[in-house]
Amino acid sequence: MPNSPSAVYDCSNPNDVMVARGGCLPQPHNYLIKRLSRGAKWKITPILTVSFAASKYSGSMNPLIICYEWFISAKISPHVIQTTTAATLDIPSPRKQLNPNPANASSPQPISVSLVVYRPHRAMLERTLQTLDTALDCFLKQSQAKSAPLYLINNGTDERIDWAQLTNGAQLQTNVVEGHGNVGYGRGHNLVIELTASRYHLILNPDIELESSALIHAIDFMDAHPEVGLLSPFIIDDTGHQQFLCRRFPTVLDLFVRGFLPARLRAPFENRLARYEMRDVINDENILWDPPIVSGCFMLFRTEVLKKLGGFDPRYFLYFEDYDLSLRTHEIARVAYVPSVRVLHHGGDAARKGFKHIKLFVTSACRFFNRFGWKWL
């Protein structure tokens, strides 16, 4: 067996699947490859291309689970397991305290942005990039900063995108990440969260339009309140009406009524849904401190906080990853809803997107409740 950072192993050969001890990978990874070869237990095809990183484990987390959940992306490949060790990453503990003088406080890049797409609606994505370009330009001129990198993560598996043509003259400092396949929304963002060294990092959906002053107001607020780790904006829909996307902790009934009942059948639950959506305290004028859950369509993080949290939990392929990350953020920092920061959101409900999205929604909901506790009514 080759003792190198990269090697190819034949799944049909037991000696190869074992991977020689003391070779290129530490023992937890050897064990992982043996488990992958069984396939059925992990519900993964045993003939895979597997990429993962060596890690320094912290706390009481299981090394095997960390490897599987954080660093594996798999796709079909004929008769081989290919392993590649990457740079060492530290999985941060969410219980660490904030550093009042973080290393990136004087970063030449005050803000970075990540945006994950999968077969995007072209016209809508163009509007997102154009309005982002305008908002970044306004902010950079005011702050006299030189750059604000945008990371475009293409989770599409069968198409490449002409990003230069798509940006349509926008002066974005664009970094394209693609070729990794559809690894999920949260894991797509995680690919670049570890790379960024900016003071703030914006997680953005490809169906958002920003007001030109949105980032100026957002970063002014964050600079003035160092205890805030996450900011959520005032959000309107296509018709100009406010979307109430801050949430109290959901019950199963809340999710069912809001996600799957036709509008004409929701009347008996109107007060219940209003409470879940925090309509009693969310408005277009007043700052709200520490809403339990905020929307993932626009999440402005202090980068130090986001890295301490380890980004999104990659076990959520789609849906509820923002619920999970919001609740974890409260453990180490404050969260603020700031209505002077304004965006338009074109998003829709999972139920309108077909059975596959309903299945993903239910799967992620179960994972969320298993972690944070079930509330039925």
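In this text, all values refer to a predicted model and were calculated from it rather than measured experimentally. (Residues numbered from 1 in each chain as written. Predicted model: local features only at pLDDT ≥ 70, side-chain atom pairs only at ≥ 80, totals over all residues. Heavy atoms only, no water.)

Here we come to the side chain of S114. Checked against the element boundaries, S114 lands in strand β7 (residues 111-117). Its relative accessible area of 0% is what places S114 among the buried residues. Ignoring anything within four residues of it in the chain, the contact list for S114 reads Y151, I153, H189, V192, H201, L202, I203 and L204. (Helix = DSSP H or I, 4+ residues; strand = E, 2+ residues; numbered from the N terminus. Buried < 20%, exposed > 50% of the residue type's maximum accessible area, 1.4 Å probe, protein only. Contact = heavy atoms within 4.5 Å.)

This brings us to helix α12 (residues 355-372). Compared with the 26 Å implied by 1.5 Å per residue over 18 residues, the 26 Å span of α12 between its first and last C-alpha is a close match. Buried residues in α12 make contact with α8 (252-260) and α11 (321-329). G373 sits one or two residues past α12 and shows a positive phi near 105°. (Expected span 1.5 Å × (residues − 1).)

Turning to the pattern of salt bridges, a few remarks are in order. Evaluation of the coordinates by the stated rule reveals 14 salt bridges. In this structure, R272 and D254 form a salt bridge, with 2.7 Å as the shortest nitrogen-oxygen distance. Placement of the pair is R272 in helix α9 (residues 270-276) and D254 in helix α8, with a sequence separation of 18 residues. Residue R272 is classed as partly exposed on the basis of its relative accessible area, which comes to 28%. Of the charged contacts in the structure, one is a salt bridge between R279 and E277, with a shortest N-O distance of 2.7 Å. Accessibility expressed as a relative area gives 44% for R279, which makes it partly exposed. Owing to a relative accessible area of 7%, E277 belongs among the buried residues under this scheme. (Salt bridge = Lys/Arg side-chain N within 4 Å of Asp/Glu carboxyl O.)

Here the focus is α8. Here α8 has its buried residues at D254, L255, V257 and G259. Of the surrounding secondary structure, the elements contacted by the buried residues of α8 are α9 and α12.

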